[in-house]
Amino acid sequence: MGFLGDPIKFIGDWLKSLIAPLNLPPVWETFLSTLTSVIAVASFGLLIVIFLIWVERKVAARFQDRLGPNRAGKYGLLQTFADMVKLITKEDTTPETADKVVFNIAPVLSVVSVLLIWAVVPFAPTWFGTDINVGVLYIAAVGSFGILSILMAGWSSNNKYALLGAFRAVAQLISYEVPMLIMLMVPVLLASSMGMVDIVARQDMWFIVVAPLAAVVFLISAIAEVGRTPFDLLEAESEIVAGFHTEYSGMKFGMFFAAEFLHIFTVGVLFAILFMGGWRGPGAEQFPLLGMVYLMAKSTVGYFIAIWMRSTLPRIRIDHMLAFNWKFLVPLSLAILIVTAILHKLFAATTLYIPAMLVGNLVIFLASLGALRAVAQRQRKQRKPFKKRPVAKAA
Amino acid sequence: MLDNWLFIGIFISIAAVFPLLPIVIARFLAPRRPSLAKQETYECGMETVGDTWVQFKVQYYIYALVFLIFDIETVFLYPWAVAFDVLPLFAVFEGVLFILILVAGLAYAWRKGALEWA
């Protein structure tokens, strides 16, 4: 197979032939090859951010009937590089009263938490950083570092706005982690494995077909987990300035910015892997490069929905948002888990499998819709009739 | 197996170096003229009054407690989900029973008003 068939293997073999004459002990060889693949995966993750920022600005601009960046380079492609130059040459101030060590660790940690997820992403049949057997649990674990970094940033800034942002972040992010974790369990259950490679391998039928509600709830809670509009209470500009990163400037702010953009795309990637069959597609087994293209194409689905939600929906009030999570998403996700588990066990090998799963999902969907309707009707009845009041009235 | 975790270990260190790099580069390229006014908390706005690290609303703490219960629940349920293919129907319903007990816990927290943002 030539270079185009499997470029990674080609380059790997070439690198091995480079170090072969050195006669290194096998331990060093393992270490060097691991190091090379680590650097490859990590730099892919970070380089894609540069492109993603441009994509998001362009798409968001189209939603708002604007052109978006179009001055720097062809189609504004160099805009992100211009932004980077600006951020790097900005003075980086640290408040005198801040907790300096924590203040400086926080932006690094926020990028690390997102980048670590990419270690277990299977890009193509033979291309993946590593395949640990607790992949999904690992993703949940490193994802929580992001929450920690936001709390660290808000607390150490010694600024009341930042602290408020951090408090909100804790309330929001840990709340939405519950439905996300429960919905992550649905692919694990269907594939009977936590390894990402196994989950992709088991998706002869995309999991979104048999568990569509789980996919939707996962996407909603994962977007909330990133903390973007409409769930961006932790940095609501109109209320608490910039939230947890109020005191950050220069490249440290840039790191929070990059982490957020990478995180939302990572959500798209995870959505594609867990529910849409990852790299699977016609011809992907023969040509890993094609599998990578499929994965990236599928990732744009979740990513585009996130941008769409961001530019369509207004910010939700914090009590509404927490109520939506605890009183709607959590019971709903538990119901989905129970129904999926029972139906999967009863029908897995039969021809009725897909219809049974779809009917189960439909029943849950209609029931939750009915519950929402009932609550809304009750609230409408309780609402007092509108009375005309004088316009200006002293408190 | 150990190789996989070696990969994760190296990945953590590399992932920490990558975001550090631009910050360090910026340290050399960016101007550094600190002044008393610039180093103030919330430099561009009003001067802050009083201590920042104050007591916070107890509601945040209650949400954290409820979260903790569900987080531990999911940790218990993951092995159940991983072994799902080989589980007998009986074990599946045991798992469902476990979830239902937690639903009862959620209903209790709801009833007690732990989920209200008051």
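First, a word on scope: everything that follows refers to the structure included in this document. (Residues numbered from 1 in each chain as written. Chains lettered and ligands numbered in written order. Predicted model: local features only at pLDDT ≥ 70, side-chain atom pairs only at ≥ 80, totals over all residues.)

With that settled, the discussion passes to the overall build of chain B. Helices and strands together make up the secondary structure of chain B, namely 3 helices and 0 strands. In sequence order, chain B lays out its α and β elements as α-α-α. Dimensions along the principal axes, computed over C-alpha positions, put chain B at roughly 70 × 50 × 15 Å. Looking at the 118 residues of chain B, the share that counts as buried comes to 18%. (Helix = DSSP H or I, 4+ residues; strand = E, 2+ residues; numbered from the N terminus. Buried ≥ 20, exposed ≤ 12 C-beta atoms within 10 Å, placed from the backbone.)

Of regular secondary structure, chain A possesses 14 helices and 2 strands. The C-alpha atoms of chain A give a radius of gyration of 24 Å, which matches the 21 Å a tight globule of 395 residues would have. Principal axes of the C-alpha set define a box for chain A whose edges measure 90 × 65 × 40 Å. Burial statistics for chain A: of 395 residues in total, 51% are counted as buried. (Rg over C-alpha atoms; globule rule 2.2 N^0.38 Å.)

The interface of chain B with chain A comprises 54 residues on the first partner and 66 residues on the second. Among the secondary structure elements, those contributing two or more residues to the side of chain B that touches chain A are α1 (2-29), α2 (58-82) and α3 (89-111) of chain B. When residues of the side of chain B that touches chain A are assigned to their parent elements, the largest contribution, 19 residues, is made by α1(B). Within the side of chain B that touches chain A, the residues separate by chemical class into 41 nonpolar, 7 polar and 6 charged. (Contact = placed C-beta atoms within 7 Å. Nonpolar A, V, L, I, M, F, W, Y, C, P; charged D, E, K, R; others polar.)

Attention now moves to the nonpolar core. Residues and elements named next belong to chain A. Core analysis: the largest hydrophobic core is formed by 144 residues, its most contacted members being Ala 166, Met 185, Val 188, Ala 211 and Phe 218. Residue contributions to this core peak at 24 residues, all from helix α6 (residues 160-191). Leave out the neighbours within four places in its chain, and Ala 211 touches Val 186, Leu 190, Thr 340, Met 357 and Asn 361. (Core = buried A, V, L, I, M, F, W, Y, C linked by C-beta atoms within 7 Å.)

Looking now at unusual backbone geometry. All names here are of chain A. Although it is not a glycine, Asp 65 adopts a positive phi angle of roughly 60°. With respect to the helices and strands, the residue Asp 65 is situated in the loop between α2 (26-63) and α3 (79-88). Positive phi, normally seen in glycine, also occurs at Ser 192, with a value near 55°. Tracing the chain through its elements places Ser 192 in the loop between α6 and α7 (196-201).

For the rest of this paragraph, the subject is α6(A). Residues and elements named next belong to chain A. Compared with the 46 Å implied by 1.5 Å per residue over 32 residues, the 46 Å span of α6 between its first and last C-alpha is a close match. Within α6, the axis deviates most sharply at Val 178, by approximately 25°, and proline Pro 179 lies no more than four positions further along. Of the residues one or two after α6, Ser 192 is the one with positive phi, at around 55°. (Expected span 1.5 Å × (residues − 1). Bend = angle between axes of the 7 residues up to and from the residue.)

All names here are of chain A. Between helix α4 (residues 100-117) and helix α11 (residues 250-275), the shortest axis-to-axis distance is 8 Å and the interhelical angle comes to 20°. By the criterion of interaxial angle, the relationship of α4 to α11 is roughly parallel. Seen from above, α4 lies across α11 with left-handed handedness. Contacts from Pro 107, Val 108, Ser 110, Val 111, Val 114 and Ile 117 in α4 reach Lys 252, Met 255, Phe 256, Ala 258, Ala 259, Leu 262, His 263 and Thr 266 in α11. Its residues placed into classes, the contact of α4 with α11 shows 10 nonpolar, 3 polar and 1 charged. (Axes fitted to C-alpha atoms, helices over the stretch in contact; angles between N-to-C directions. Parallel < 35°, antiparallel > 145°, perpendicular 65-115°, else oblique. Left-handed = near helix turned anticlockwise from the far one by under 90°.)

Here we come to helix α9 (residues 212-226) of chain A. Residues and elements named next belong to chain A. A rise of 1.5 Å per residue sets the reference length of α9, with its 15 residues, at 21 Å; its end C-alpha atoms lie 21 Å apart and thus fit the reference within 8%. Burial analysis of α9 places 13 of its 15 residues in the buried class, which makes it a mostly covered element. Looking one or two residues past α9, Gly 227 carries a phi angle of roughly 75°, positive in sign.

A few words now on the packing of α11(A) against helix α12 (residues 288-312) of chain A. When two helices pack together, their arrangement is given by the angle between the helix axes and the distance between those axes. Residues and elements named next belong to chain A. Interaxial distance between α11 and α12 falls to 7 Å at its minimum, and their mutual angle equals 125°. In terms of their interaxial angle, α11 and α12 are classed as oblique. α12 is crossed by α11, and the crossing has right-handed handedness. On α12, the residues that touch Ile 264, Phe 265, Val 267, Gly 268, Val 269, Phe 271 and Ala 272 of α11 are Leu 295, Lys 298, Ser 299, Thr 300, Val 301, Gly 302, Tyr 303 and Ala 306.

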